[in-house]
Amino acid sequence: MAAELLPSVRDTRGRALHDLRISVTDRCNFRCVYCMPKEIFGRDYAFLPKNLLLSFEEIARVARAGIALGVRKLRLTGGEPLLRRDLEELVRMLAALPTPDGTPLDIAVTTNGSALAHKAPALREAGMSRVTVSLDSFDDATFRAMNDVDFPVERVLEGIRVAREVGFPVKVNTVLKRGLNDHDIVPIAEHFRGTGVTVRFIEFMDVGTTNGWNLAEVVPSTEVIERISAVYPLEAVPPAYPGETATRWRYVDGAGEVGAISSVTAPFCGACTRARISADGKLFTCLFASRGHDLRTLVRTHPDDGGDDAVVRDALAGLWAVRDDHYSELRAQATPSAEPPRERIEMSYIGG
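The structure presented is a predicted model; accordingly, all values stated were derived computationally and were not measured.

Caption draft 1: View of helix α3 (residues 116-126). Buried within α3 we find L116, K119, A120, L123 and A126. Down the axis of α3, the sector holding all buried residues measures 135°, keeping them to one side. Residues H118 and E125 are exposed on α3 and point more than 90 degrees away from its buried face. On the buried face of α3, the contacting elements are α2 (87-95), β3 (106-111), β4 (130-134) and α5 (153-165). Immediately downstream of α3, the backbone of G127 shows phi near 120°, a positive value.

As structure tokens, then:
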């Protein structure tokens, strides 16, 4: 059934809803020090039971409601999304959802790459559009230390190779933490230079409360670009679309691009078009949110009639319409002593 073309919903700052990031699990097989540190997420940590997770049908229903409101990008996240059994079946369901204007859906996944070599062919066949792989070091010893489960970097690189072989456009995300992996900036850029893979360097962010964030450990994007450009000259590239999170830089010699995501030193809240759905069905309108809004109960108490699903659509529209989130801008304006402590949802729960 074709979706109804509705006016674009906008928040209190005039930002449209265009991207929906959907966590399919809160579990991960890595214990990255900036996301799921082992001292918090240990063997006894209580992850969500299966009955509290949104089913594939429920995820597709929420996505369909978002599409009616202007969503054209769906990104599957986690935890580690490839740990969700039969994920390709969810991708197939999402790829079949029509858009009111006939624009194809952009369906992507962000993964640590540990299972990508195995899963990439099925995901591509099911209709996945793109793959983003988190890779925080090209040095095996550093990579094993950062994932904190002794997982070798070569297996992630193999996943990237397979993903490219089956036709996926691939991006690599590298979170930088000063003194831990910033020595890898040029080696990572160098490894993917000329391959068609774009590396995006991400400033270490204060998502959640368990990663021990310290402003002194942030490597500013300007420094990243300067380091790379000193070896391989770069020039700025205009954004590919409104609200793009990464600034783009291309090699002067034509060997591709790198990106920089600067949510600490150069916040981009004013152009944010993203909402996030947690694995248990809560809507978060900011990565740095303190609380979410329960959609799972709404979905389960109002059966899907197979139509336009006005109940879920109107709930999404109402929550987005009152959105006023701009945490990164507020952080940038505050001094460390002036900013009061606040609870924030962990990245492993909300998705990146």
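Caption draft 2: Inspection of the side chain of S278 at higher detail. Take S278: it is sitting in the loop between β10 (274-277) and β11 (282-284). With near-sequence residues (within four places) excluded, S278 lies in contact with S23, L54, F284 and Y349.

Caption draft 3: Representation of the pattern of salt bridges. With the rule as written, the count across this model stands at 24 salt bridges. Of the charged contacts, one joins R13 and D324 as a salt bridge, the two residues approaching to 2.8 Å between their closest N and O atoms. Of this pair, R13 sits in the segment before β1 (19-23) while D324 sits in the loop between α9 (310-321) and α10 (327-333), placing them 311 residues apart in sequence. Judged by its relative accessible area of 40%, R13 is partly exposed.

Caption draft 4: Quick look at the packing of helix α1 (residues 56-68) against α2. Their axes nearest at 10 Å, the elements α1 and α2 cross at an angle of 30°. On the basis of their axis angle, the class for α1 and α2 is roughly parallel. As for how α1 packs across α2, the hand of that crossing is right-handed. Touching F56, E57, I59, A60 and A63 of α1 are L87, E89, L90, M93 and L94, all from α2. In the contact of α1 with α2, the residues fall into 8 nonpolar, no polar and 2 charged.

Caption draft 5: Spotlight on the sheet that holds strand β5 (residues 170-176). Read across the open sheet, the 12 strands follow the order β7-β8-β9-β6-β5-β4-β3-β2-β1-β10-β11-β12; overall the sheet is mixed. Unpaired on one side and paired on the other, β7 (234-237) and β12 (293-294) mark the two borders of the sheet. Taken together, the 2 bridges between β10 and β11 define a ladder with antiparallel strand orientation. In the sheet register, R276 faces β11, and the bridge partner there is F284.

Definitions and limits used
Residues numbered from 1 in each chain as written. Predicted model: local features only at pLDDT ≥ 70, side-chain atom pairs only at ≥ 80, totals over all residues. Heavy atoms only, no water. Buried < 20%, exposed > 50% of the residue type's maximum accessible area, 1.4 Å probe, protein only. Helix = DSSP H or I, 4+ residues; strand = E, 2+ residues; numbered from the N terminus. Arc of directions from axis to C-beta. Contact = heavy atoms within 4.5 Å. Salt bridge = Lys/Arg side-chain N within 4 Å of Asp/Glu carboxyl O. Axes fitted to C-alpha atoms, helices over the stretch in contact; angles between N-to-C directions. Parallel < 35°, antiparallel > 145°, perpendicular 65-115°, else oblique. Left-handed = near helix turned anticlockwise from the far one by under 90°. Nonpolar A, V, L, I, M, F, W, Y, C, P; charged D, E, K, R; others polar. Pairing = 2+ DSSP bridges.

All we've got here are geometric facts, nothing functional implied.
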